[in-house]
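So you can see what is in the structure, the chains are spelled out below.
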Amino acid sequence: MPSVKMPKKSTATDMTPFVDVAFLILSFFMLATKFKPPEPVEITTPNSVSTKALPENDAILVTLDSAGRVYFSMQAEKDPMLKYTVIKNMNDTRQLGLTEAEMKNFVKTTSVGVPFSQLKQLLAIPAEDQRNVKQAGIPIKDSASNELTYWIRDAVNAFASSQKKINYLIKGDNNAKYPQFKEILNSFKRNDIYKFQLITAVEDVPAGTELSKERAGQGVKK
Amino acid sequence: MASIEEGGGDSHKKGRGVKKAKRLSTRVDMTPMVDLGFLLITFFIFTTTMSTPSTMDLFMPKDTNKDEDQNKAKESGALTIMLGKNNVVYYYEGQLAPDAANFKTSNFKDIRAEIISKRKDVIATHQHDASCEKTWAKYNGDKNSCLDRDFVVVIKPDPDATYKNTVDILDEMTINGVKRFAMVDLFPQELELIQKTEGTYVAPPAAAAPAK
């Protein structure tokens, strides 16, 4: 008996367009991504209406975490020798007893958050593994043991020799307390630095305020 | 379609006894590739930093002990804002009264209205003089540049204030166009007042904001 054969339909769908889309998205993210710089601690910055962009390079960054610990870092990717100058000078003036390898390691280290007494210990660890180490924070409490002042001084001197304009960045956590922030400001002030940039996340300007009027006015002029 | 034609080309006849070679499909299973693709996508989504941080400028004055170098604020135009525990804001206008009658409690939402109304007051009571003309010339005839010149906000964060509070109040200065503000330490009697106010707090702290 001849019977009508039903054409067998395959249940396997053609995945190709799916793959196309997936890889399109993938390539977008690969190109658009900028990796988060490794940080010793997670910092949630406060919001502000400021829209000024964060300077990428040539900056001294002081980080204040929620527990009040202070970290120091130099952003000098274009000239790693600057960081070497700083640590070498620091080693000589404070008798830290660092080896050449440890000083080289400092160049790779993103941020330092230990007192001078523990610096050798920290730099003995390879730069990639340092983030797993719990750092105690740079002492800032009183003027006698304010080590942040020395860090800033040496970094400023190193940058000064390279004739670059530097930015002083302060990155604080929402829950950090004001007294620590004030001590950081004091450390900068002792080095005759009075202009800072606080790292914040962008926030909308509330409607109907002076600033919103001002910005709206600028928009019209343009 | 991106699928590849199967077989084909091999058209010469085979002998009767020769078994037909089993045709292998050239179709590839794409599923693992898709899996991998999406795995990478998720990875990149999570590692990427989308929101670019901005910076806020902060200029601090040089510390000075010399009396003549200190900026004097007119009492009438001064608004002192103190930042306390748990995002509470205290403020008073002019000088702190000996009985602390003008010491008020507020929060970060309501302080904006206070700043704006104080600024309006200062502008309303502005006394015109010759130096104003120069200021106007400097700011291209912007009258507010001179009218609110006596308006000074003094920010005094207490030891329990957080960094977020500090940034928020500095931001408030930008938002409300306050040109003159200073960040200084609390006077002992102010700290005492704040602590007394906070001492009256019963848990939860939100319920305790006294209506003055």
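Residues numbered from 1 in each chain as written. Chains lettered and ligands numbered in written order. Predicted model: local features only at pLDDT ≥ 70, side-chain atom pairs only at ≥ 80, totals over all residues.

(A) The overall build of chain A, seen in detail. When its secondary structure is counted, chain A shows 7 helices and 6 strands. Listing every helix and strand of chain A by position from the N terminus yields α-β-β-β-β-α-α-α-α-β-α-β-α. Relative to the globule expectation of 17 Å for 222 residues, the C-alpha radius of gyration of chain A, 26 Å, shows a markedly less compact shape. Split into buried and exposed, the 222 residues of chain A put 33% on the buried side. Counted over contacts in chain A with a minimum sequence separation of 6, partners at least 24 positions apart contribute 65%. (Helix = DSSP H or I, 4+ residues; strand = E, 2+ residues; numbered from the N terminus. Rg over C-alpha atoms; globule rule 2.2 N^0.38 Å. Buried ≥ 20, exposed ≤ 12 C-beta atoms within 10 Å, placed from the backbone. Contact = placed C-beta atoms within 7 Å.)

(B) Quick peek at the packing of helix H2 (residues 81–94) of chain A against helix H5 (residues 147–161) of chain A. Residues and elements named next belong to chain A. Where H2 contacts H5, the two axes come as close as 9 Å, and the packing angle between them is 135°. Here H2 is positioned oblique relative to H5, judged by the angle of their axes. Seen along the crossing, H2 lies across H5 with a hand that is right-handed. Across from Leu82, Thr85, Val86, Asn89 and Met90 in H2, the residues of H5 making contact are Asp154, Ala155, Ala158 and Phe159. Considered class by class, the residues forming the contact of H2 with H5 number 6 nonpolar, 2 polar and 1 charged. (Axes fitted to C-alpha atoms, helices over the stretch in contact; angles between N-to-C directions. Parallel < 35°, antiparallel > 145°, perpendicular 65-115°, else oblique. Left-handed = near helix turned anticlockwise from the far one by under 90°. Nonpolar A, V, L, I, M, F, W, Y, C, P; charged D, E, K, R; others polar.)

(C) Region of interest: the interface of chain B and chain A. If you look at the interface, chain B gives 42 residues, while chain A gives 53 residues. Contributing elements (two or more residues each) for the side of chain B that touches chain A: helix H1 (31–47), strand S1 (54–59) and helix H5 (163–175) of chain B. Considering each element in turn, the side of chain B that touches chain A owes the most residues, 10 residues, to H1 of chain B. Tallied by class, residues from the side of chain B that touches chain A come to 21 nonpolar, 15 polar and 6 charged.

(D) Examining the environment of Leu191 of chain B more closely. Residue and element names in this part refer to chain B. Along the chain, the position of Leu191 falls in helix H6 (residues 188–199). Overall, the presence of 16 C-beta atoms within 10 Å leaves Leu191 in the partly exposed class. Residues Leu191 and Leu58, spaced 133 residues apart in sequence, show a C-alpha to C-alpha distance of 25 Å.

(E) Broad picture of the environment of Ser111 of chain A. Tracing the backbone through its elements, the reader meets Ser111 of chain A in the loop between helix H3 (100–108) and helix H4 (119–123). Along the sequence, Ser111 of chain A and Phe72 of chain A sit 39 residues apart, while their C-alpha atoms lie 5.5 Å from each other.

(F) Quick peek at the pairing of strand S3 (residues 88–93) of chain B. Residues and elements named next belong to chain B. Counting buried positions along S3 yields 5 of 6 residues, so the element is predominantly enclosed. As judged from the 5 bridges shared by strand S2 (residues 78–83) and S3, these two strands associate in the antiparallel manner. Considered in S3, the bridge of Met82 is made with Tyr90. The turn linking S2 back onto S3 is made up of 4 residues, and Asn86 within it adopts a positive phi angle of 55°. Bridge count for S3 against strand S4 (residues 104–107) is 4 bridges, and the pairing is antiparallel. Each bridged residue has a counterpart across the sheet, and for Val88 the counterpart in S4 is Asn107. (Pairing = 2+ DSSP bridges.)

(G) Seen up close, the packing of helix H1 (residues 16–32) of chain A against H1 of chain B. Two elements in contact, H1 of chain A and H1 of chain B, have axes whose closest approach is 9 Å; the angle formed by their N-to-C orientations is 25°. Taken together, the axis directions place H1 of chain A and H1 of chain B in an arrangement best described as roughly parallel. Read as a crossing pair, H1 of chain A and H1 of chain B show a hand that is left-handed. In this structure, H1 of chain A contributes Phe18, Val19, Ala22, Phe23, Ile25, Leu26, Phe29 and Met30 of chain A to the contact, and H1 of chain B contributes Met33, Val34, Gly37, Phe38, Leu40, Ile41, Phe44 and Ile45 of chain B.

(H) Representation of the nonpolar core within the structure. With 68 residues, the main nonpolar core has Ile60, Val62, Leu148 and Ile184 of chain A together with Ile81 of chain B as its most contacted residues. For this core, the element with the highest residue contribution is H5 of chain A, accounting for 6 residues. Ignoring anything within four residues of it in the chain, the contact list for Val62 of chain A reads Val70, Phe72, Leu148, Ile170 and Ile184 of chain A. (Core = buried A, V, L, I, M, F, W, Y, C linked by C-beta atoms within 7 Å.)

(I) Up close: unusual backbone geometry. One non-glycine residue, Asp192 of chain A, adopts positive backbone phi at about 60°. Tracing the sequence through the fold places Asp192 of chain A in the loop between helix H6 (178–190) and strand S6 (195–202). Overall, Asp192 of chain A belongs to the exposed group, with 9 C-beta atoms counted inside 10 Å. Phi at Asn87 of chain B takes a positive value of approximately 60°, unusual for a residue other than glycine. Its place among the elements puts Asn87 of chain B in the loop between S2 and S3.

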